[in-house]
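Below are the chains, spelled out letter by letter.
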Amino acid sequence: MTPNTPLAERMRPKSIDEIVGQRHLLGKNAPITRMLATGYLPSLILHGEAGIGKTTLARLLASTLDRQFHLLSALDLTVKELRELISSKDGLNFGSPVVFIDEIHRFNKAQQDALLGAVEAGDITLIGATTENPSFSINTALLSRCQVYKLEPLTVDELTGVLSRALATDPFLKNIKVQGDLTKIATLAGGDARKALNLLQIACQNTHHNTLIINDDLIQTIAQTVLPRYDKAGDMHYDIISAFIKSVRGSDADAAIYWLARMLDGGEDPAFIGRRLVILASEDIGLANPNALLLADTALRSVQSVGMPEARIILAQVVIYLATSPKSNTAYTAINDALAFVKHDHSPVPLHLRNGVTSLMKSAGYGVDYVYPHDYPNHYYPQQYLPDNLVGKRFYEFGDNQKEQGAFSFINWLKATNDTQ
């Protein structure tokens, strides 16, 4: 290797023991550790963010078990090439060859189907790598034939260790002295070992007399090379919108604004965020503050007409409003309970609630004895509205917030006033 070889490639682990992180898979008695101990390697799907060792792990699993290793990319592999590889018997004397397919989520259905028979028969051991949630991106038949493991981003401490090891062992960096805190570079990498090493390589271009001075100026310089880590079609999209919704639901305006900024900085569609706010305003705030739905709906329309960058202000206003608003999910639970109930209930509509628009209907009792509430004081008259067998059934329970408790008091007042008349 030469000084021009990327540092991440120069520092690629040569054995399983050199892999940093992933203790949930590679620690004592962990799943992959047990596989290696028995010599049994099933087909695997490894998913997780970029730069955390999926390809390296696949290579080392194959070499540790003395298997042939074929590295393929889903971007340029055809079904014909895939079938030719599967039909090859090379390496079968040493166990089925390991076929590693990077970005397997990009395989279309025909490509994924081409793998099924070979995986099921054990002709190949498939290891697929994906940055997307395999539950959504890989067809069920193929997924059921593989064990799925999620690789986690590396911690700042783990990344700092990776950087320290590079400075201590890389032939082109080991003479460099460091002044400052490596954790500042590690933090910029966001859990990505490849990115951390690339940042270190960039930083080392700014050495003076073989001394790397890590200060604010250096961090600002290399930070300009860091792209936002946000994949609008991948796990990050779903994880961050989930964190965003939960932060608003949990009344944490600061966290909600932070996740909003992460989405906007990553290029998320503001209208998508606006639609989620409309849903959230009804599901999580609901009757505790009915104005929340009106404001969220207005914001969605405004975001669509105004666009970025000004839409960020509209979204921020609504996010803070919703996060600091009283919360209630009573409408959400009421409709869910009712929907679950009516799947098994088909009670007839009481005759007095039916619409007697013809003389025949009226003669059958449709609409007879219905009382028009507006003809009575306070526009209220007590009568039965549920089917006979469901009288007294409750789906909606008043929430413990000011608005719903006010409505509760009003309904009780109506009933009490009618009783005294």
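Data block above holds the structure.
Residues numbered from 1 in each chain as written. Predicted model: local features only at pLDDT ≥ 70, side-chain atom pairs only at ≥ 80, totals over all residues. Heavy atoms only, no water.

(A) Representation of the nonpolar core. Judged by nonpolar contacts, the single largest core of 49 residues is most densely connected at Leu-57, Ile-127, Ile-185 and Leu-200. Looking at which element gives the most residues to this core, the answer is helix H11 (residues 193-204), with seven residues. Listed in part, the 29 residues of the second largest apolar core include Leu-280, Leu-300, Val-303 and Val-319. (Core = buried A, V, L, I, M, F, W, Y, C linked by side-chain atoms within 4.5 Å. Buried < 20%, exposed > 50% of the residue type's maximum accessible area, 1.4 Å probe, protein only. Helix = DSSP H or I, 4+ residues; strand = E, 2+ residues; numbered from the N terminus.)

(B) Fine view of the environment of Leu-36. Among the structural elements, Leu-36 can be located in helix H3 (residues 31-38). Counting along the chain gives 322 residues from Leu-36 to Thr-358, while the straight-line C-alpha distance between them is 80 Å. Leave out the neighbours within four places in its chain, and Leu-36 touches Ile-16, Leu-61, Thr-64 and Leu-65. (Contact = heavy atoms within 4.5 Å.)

(C) The arrangement of the sheet that holds strand E4 (residues 125-130) in detail. The parallel open sheet is built from five strands, whose spatial order is E2-E3-E4-E1-E5. Lying at the two open borders of the sheet, with one neighbouring strand each, are strand E2 (69-73) and strand E5 (147-150). Between one strand axis and the next, the sheet turns through 20 degrees on average, direction left out of account. Bridge count for E2 against strand E3 (residues 98-102) is five bridges, and the pairing is parallel. In the strand pairing of E3, Leu-72 is matched with Ile-101. (Pairing = 2+ DSSP bridges. Axes fitted to C-alpha atoms, helices over the stretch in contact; angles between N-to-C directions.)

(D) Representation of the packing of helix H14 (residues 253-265) against helix H17 (residues 311-323) in the model. Contact pair H14 / H17: the axes reach a minimum separation of 9 Å and the direction vectors enclose 150 degrees. One element, H14, and the other, H17, form an angle in the roughly antiparallel class. Judged by the sense of rotation from one axis to the other, the crossing of H14 with H17 is right-handed. Listed contacts from H17 to Ala-253, Ala-256, Ile-257, Leu-260 and Leu-264 of H14 are Arg-312, Leu-315, Ala-316, Val-319, Ile-320 and Ala-323. Of the residues belonging to the contact of H14 with H17, the class tally is ten nonpolar, no polar and one charged. (Parallel < 35°, antiparallel > 145°, perpendicular 65-115°, else oblique. Left-handed = near helix turned anticlockwise from the far one by under 90°. Nonpolar A, V, L, I, M, F, W, Y, C, P; charged D, E, K, R; others polar.)

(E) Region of interest: the environment of Leu-315. Along the chain, the position of Leu-315 falls in helix H17. On the accessibility criterion, Leu-315 (0% relative accessible area) is buried. What Leu-315 contacts, discounting residues up to four positions off in sequence, is Leu-260, Leu-264, Pro-270, Ile-273, Gly-274, Leu-277 and Val-303.

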